[in-house]
Amino acid sequence: MLGRSSPACPRAERPRGPFGARALLVIPFAFALLLGSDALGILVYPLVRPEGAPLACRADTLLVMGAAQYHGVPSPAFARRLDRALELYEAGCGSRIVVTGGKQPGDVYTEGDSGLRYLRARGVPLAALASETRSTTSFENLAFSRDLLRGERLVIVTDDVHAYRTRWLARRLGYRAEVAPVATGVRRAAYARRELVIL
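Predicted model, so just to flag it, every value in this text is computed and none were measured.

### As for the packing of aromatic side chains
Here is step 1: What the rule picks out here adds up to 0 aromatic pairs.
Here is step 2: Directly above the aromatic system of phenylalanine 144 lies the positively charged group of arginine 134, at a separation of 4.1 Å from the ring centroid.

Next comes the structure, spelled out in structure tokens:
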């Protein structure tokens, strides 16, 4: 990695379980078992690979999965992902950050450019930033970013409930990638249900 050492990545506070009260896990896990290993992984991954778990910290690129932006300002969920990427970058875990995401109908700004401006305002040099601005799905986030990636080693930053599917998609696309999960603050059960439906 150019000009950066590879220290241990910073740890964040371990998030709560994916649905709050542990008793609420019984029904989702039973449902996931019926759907198969991929569905089970969506529910298990936030527990076994929580936010702040050690990463290899030898990434060439940190890739931030897109999320909503409002008139050029990242949503709270998107800002959490960007802040995590910034934390990893400042710790030397990656030499470059790529922010992904296009725009919804009627939007003026793209997620990718909104995220890039957010990180630039926090001191990340423009030379260390790039944005992908066409994608509207997780698959496209990863696929459309291929030409922006440098090196083979990739760390993808996204929500913990979204992390398993993101890693699965990355492997299908042939990436050598780890995922740095960010704790999903609210509506975790609804988020997990949506991930299961997408599977």
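### A short note on unusual backbone geometry
Here is step 1: Phi at histidine 71 takes a positive value of approximately 55 degrees, unusual for a residue other than glycine.
Here is step 2: With respect to the helices and strands, histidine 71 occurs in the loop between β2 (69–70) and β3 (73–74).
Here is step 3: What makes histidine 71 exposed here is its relative accessible area of 75%.

### A look at the sheet that holds strand β6 (residues 153–159)
Here is step 1: If you trace the 5 strands from one edge of the open sheet to the other, you get β5-β4-β1-β6-β7, paired in parallel fashion. In this open sheet, the two edge strands, each paired with only one partner strand, are β5 (129–132) and β7 (176–182). The mean angle between the axes of side-by-side strands here comes to 25 degrees, regardless of whether they run parallel or antiparallel.
Here is step 2: Direction of pairing for β6 relative to β7: parallel, over a ladder of 7 bridges. The residue of β7 that forms the bridge with threonine 158 is proline 181.

### Some points on the pairing of β5
Here is step 1: Here 4 bridges tie strand β4 (residues 97–100) to β5, and the two strands are oriented parallel to one another. Paired with threonine 100 across the bridge in β5 is glutamate 132.
Here is step 2: Taking the sense of rotation as the criterion, the β-α-β connection linking β4, helix α4 (residues 111–121) and β5 turns out right-handed.

### A short note on the side chain of serine 135
Here is step 1: Relative to the elements of secondary structure, serine 135 occurs in the loop between β5 and α5 (138–143).
Here is step 2: You can call serine 135 buried: its relative accessible area is 2%.
Here is step 3: Of the polar contacts made by the side chain of serine 135, one reaches the side chain of glutamate 132; its length is 2.5 Å.

### A word on α4
Here is step 1: Listing the buried residues of α4 in full gives Glu111, Gly112, Ser114, Gly115, Leu116, Tyr118 and Leu119.
Here is step 2: Buried residues belonging to α4 abut β2, β3, α3 (76–90), β4 and β5.
Here is step 3: Positive phi shows up at glycine 123, right after α4, with a value of about 100 degrees.

### Some details on the nonpolar core
Here is step 1: Of all hydrophobic cores here, the largest spans 25 residues; its most connected members are Ile97 and Leu119.
Here is step 2: Looking at this core, the elements that each hand over two or more residues are β1 (61–64), α3, β4, α4, β6 and β7.
Here is step 3: At 7 residues, the largest contribution of residues to this core is made by α3.
Here is step 4: In contact with leucine 119, other than residues within four places in its own chain, are Leu82, Leu86, Ile97, Val99, Val124 and Leu129.
Here is step 5: Counting 13 residues, the second largest nonpolar core, distinct from the first, contains Leu142, Leu149, Leu169 and Ala170.

### Some points on the confidence of the model for the chain
Here is step 1: Summarising the model, the chain shows a mean pLDDT of 77, and 64% of its residues fall at 70 or more.
Here is step 2: Here residues 1–5 scores under 50 on pLDDT; set against residues more than four positions off or in separate chains, the count is 13 contacts.
Here is step 3: Across residues 17–21 the pLDDT falls below 50, and counting only partners more than four positions away or on other chains, this stretch makes 14 contacts in the model.

### Concerning the pairing of β4
Here is step 1: Residues Ile97 and Val99 point to one face of β4 and Val98 and Thr100 to the other, with burial holding for every one of them.
Here is step 2: In the sheet, β1 pairs with β4 via 3 bridges, with the strands oriented parallel. Its bridge partner lying in β4, valine 64 is registered against valine 99.

Reading guide: rules and limits
- Each chain carries its own residue numbering, running from 1 in the direction its sequence is written.
- Restriction of local features to residues with pLDDT of at least 70 applies here, the model being predicted, together with a cutoff of 80 or more for giving and counting side-chain atom pairs; totals for whole chains, interfaces and linings are based on all residues.
- Only hydrogens and water are set aside; all other atoms, that is, all heavy atoms of the structure, feed into the side-chain values.
- Only the six-membered ring of Trp is used, alongside the rings of Phe and Tyr, when aromatic pairs are assigned; centres must lie within 6.5 Å, and planes under 30 degrees apart are stacked while those over 60 apart are edge-to-face, with the rest tilted.
- Whether a charge sits over a ring depends on NZ of Lys or CZ of Arg being within 6 Å of the ring centre and within 35 degrees of the ring normal.
- The helix and strand labels rest on DSSP assignments: H or I over at least four residues marks a helix, E over at least two residues marks a strand, and numbering proceeds from the N terminus.
- Only protein chains enter the accessibility calculation, which uses a 1.4 Å probe; a residue whose area is less than 20% of its type maximum is buried, one above 50% is exposed, and one in between is partly exposed.
- Pairs of strands are assigned from DSSP output, requiring at least two bridges between the strands.
- Axis definition: a line fit to C-alpha positions, over the contact stretch in the case of helices; interaxial angles, taken between N-to-C directions, run 0 to 180 degrees.
- Handedness of a crossover: with both strands directed away from the viewer, a clockwise path from the first strand across the helix to the second marks it as right-handed.
- Identification of polar contacts relies on pairs of N or O atoms within 3.5 Å, with a donor-acceptor requirement for protein atoms, meaning one able to donate a hydrogen and the other able to accept it, and with residues adjacent in sequence counted only if both atoms are side-chain atoms.
- Two residues form a contact once any of their heavy atoms are found within 4.5 Å.
- Put simply, a nonpolar core is a bunch of buried Ala, Val, Leu, Ile, Met, Phe, Trp, Tyr and Cys residues held in one set by side-chain atoms that sit within 4.5 Å of each other.
- Note on scores: pLDDT gives the predictor's confidence for each residue, bounded by 0 and 100.

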